[in-house]
Structures are given as structure tokens and as C-alpha cells.
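Tertiary structure, described
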Amino acid sequence: MPATLTIRDQTTTPGGEDHTFELEFETESITVRELIRERVYQEVDDYNRAIRSGDAKQKFRGLVTPGELERELNGDNSELRRRQIDWNKQFEAATDAFEHNRVLVLVGDRQTESLNETIRIEPGMEVTFLRLVMLVGG
């Protein structure tokens, strides 16, 4: 029986948009790295399928923003055909963001500390991905 986690995205930006969805795992024990990998794979796969089906208005809603070149090609005002996103690059960017504290992963009310930390999935468990936004000026 698959284990299900409720995923919540939050940001420190005032008025930032929250997003909640569920992810299923085949096992009841995963690492933070596996959690991020599954999350990134799923969001990129959903986006790429929408693009392949001709949904040109589909916006990428992911843990991390695609690289400069991909953003340029996929910009909101771009007349270019939308391109598919490479989930491996997104996964690398997401793990880098975690390792450099630009994204925090909270399991319940506890902050995870390492990509290799094990999470035991329990019924009703919620994981929050908190994206930190750097302040300008100061």
C-alpha cells in the first residue's frame, strides 16, 4: 500500500502563494533526497506532459525556477514555442537550494538537516517546503 505525504509550498515573500498537493511513495521510509527527487520529477513530468499536449499557457510551478536559458525560452512574454524542462537539472538545482538553505524542508514542525536524513511517513503527515527569499538592500 502506497504511503502518502501532503506537500505544502510556502515562501517568505509577503503575499506569496501557497500550494498544496499529495505525493505517493512505495515505501514508508524515504530520505529527504528521495522526497525532493520524487517531487521534482512529478512537477516537471506534469509540466512536460501539458506542453506536449499543446497547453501553451501552462506555467511551470516548481520547487525551483528553471535556469536562465530555460526561463528565457519559456518566458511569459516569449513568442517561442514552450520547451520541455529537464528534471535532472531541476533536481540538481533543488538539492543545491536545500544544501545552501534557500529551501527548508519541514516535516511536521521539525526542520530536516541533511539530504540523507530518513523520513518515516505516517498517516496525515505534512511536509512543508519553505522557499527563503533574499532581502535586497539593507
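Before reading further, recall that the structure is shown in the block above.
Along each chain, residue indices are assigned from 1 in the same order as the chain's sequence is written. pLDDT decides what is reported in this predicted model: residues at 70 or higher carry local features, side-chain atom pairs at 80 or more are listed and counted, and totals for whole chains, interfaces and linings draw on all residues regardless. Hydrogens are left out, water is left out, and the side-chain values use all remaining heavy atoms of the structure.

Here the focus is the overall build of the protein chain. A run of H or I in DSSP counts as a helix once it spans at least four residues, and a run of E counts as a strand once it spans at least two, with each numbered from the N terminus. Counting secondary structure elements, the protein chain contains three helices and seven strands. Written out in order from the N terminus, the α and β elements of the protein chain read β-β-β-α-α-α-β-β-β-β. Buried positions account for 34% of the 138 residues belonging to the protein chain. Between two residues, a contact is recorded if the distance between any of their heavy atoms is within 4.5 Å. Relative to all contacts within the protein chain whose residues are 6 or more apart in sequence, the contacts with residues 24 or more apart total 58%. To sort residues, take the accessible area from a 1.4 Å probe on protein chains only and compare it with the maximum for the residue type: under 20% means buried, over 50% means exposed, and anything in between is partly exposed.

Attention shifts here to the environment of isoleucine 119. Among the structural elements, isoleucine 119 can be located in strand E6 (residues 118–120). Along the sequence, isoleucine 119 and isoleucine 30 sit 89 residues apart, while their C-alpha atoms lie 5.3 Å from each other. Setting aside residues up to four positions removed in sequence, isoleucine 119 forms contacts with Glu28, Ser29, Ile30, Val32, Leu35, Val107 and Met125.

What follows covers unusual backbone geometry. Even without glycine at this site, asparagine 101 takes up a positive phi of about 60°. Inspection of the secondary structure assignment puts asparagine 101 in the loop between helix H3 (87–99) and strand E4 (103–107). Note on asparagine 101: relative accessible area 48%, which makes it partly exposed.

Centre distance within 6.5 Å is the pairing criterion for rings of Phe, Tyr and Trp, where only the six-membered ring of Trp is used; planes under 30 degrees apart are then read as stacked, over 60 as edge-to-face, and the remainder as tilted. Inspection of every chain in the model, using the stated rule, returns three aromatic pairs. An angle of 85° between the planes, with centres 5.5 Å apart, marks the rings of tyrosine 47 and phenylalanine 60 as edge-to-face. Pair noted here: tyrosine 47 is in helix H1 (residues 32–52) and phenylalanine 60 is in the loop between H1 and helix H2 (68–73), with a separation of 13 residues, a long-range link. Take tyrosine 47: its relative accessible area is 3%, and that puts it in the buried class. The interplanar angle of 45° and the centroid separation of 6.2 Å between the aromatic rings of tryptophan 87 and phenylalanine 91 together place this pair among those described as tilted. In this pair, tryptophan 87 and phenylalanine 91 are both assigned in helix H3, four residues apart and thus about one turn of the helix distant. Among the aromatic residues, those joined into a cluster by ring pairs are Tyr41, Trp87 and Phe91.

Once that is clear, we can look at the nonpolar core. Each nonpolar core is a collection of buried residues, namely Ala, Val, Leu, Ile, Met, Phe, Trp, Tyr and Cys, held together in the definition by side-chain atoms within 4.5 Å. Judged by nonpolar contacts, the single largest core of 29 residues is most densely connected at Leu5, Leu35, Ile36, Val127 and Phe129. Where this core is concerned, the elements lending two or more residues are strand E1 (3–11), strand E2 (19–25), H1, H3, E4 and strand E7 (126–131). By residue number, the principal contributor to this core is H1, which donates seven residues. Once you skip the residues sitting within four places of it in the chain, phenylalanine 129 turns out to touch Ile7, Arg8, Asp9, Gln10, Leu35, Ile36, Arg39, Leu63, Val103, Leu104 and Val105.

Turning our eyes to something else, we now look at the sheet that holds strand E5 (residues 110–111). DSSP calls a pair of strands paired once it identifies at least 2 bridges connecting them. Pairing is mixed in the open sheet, where five strands are placed in the order E2-E1-E7-E4-E5. Both edges of this open sheet fall to E2 and E5, since each of them pairs with a single strand only. Bridge count between E1 and E7: six bridges; the pairing is parallel. Within E7, the residue paired with threonine 6 across the bridge is glutamate 126.

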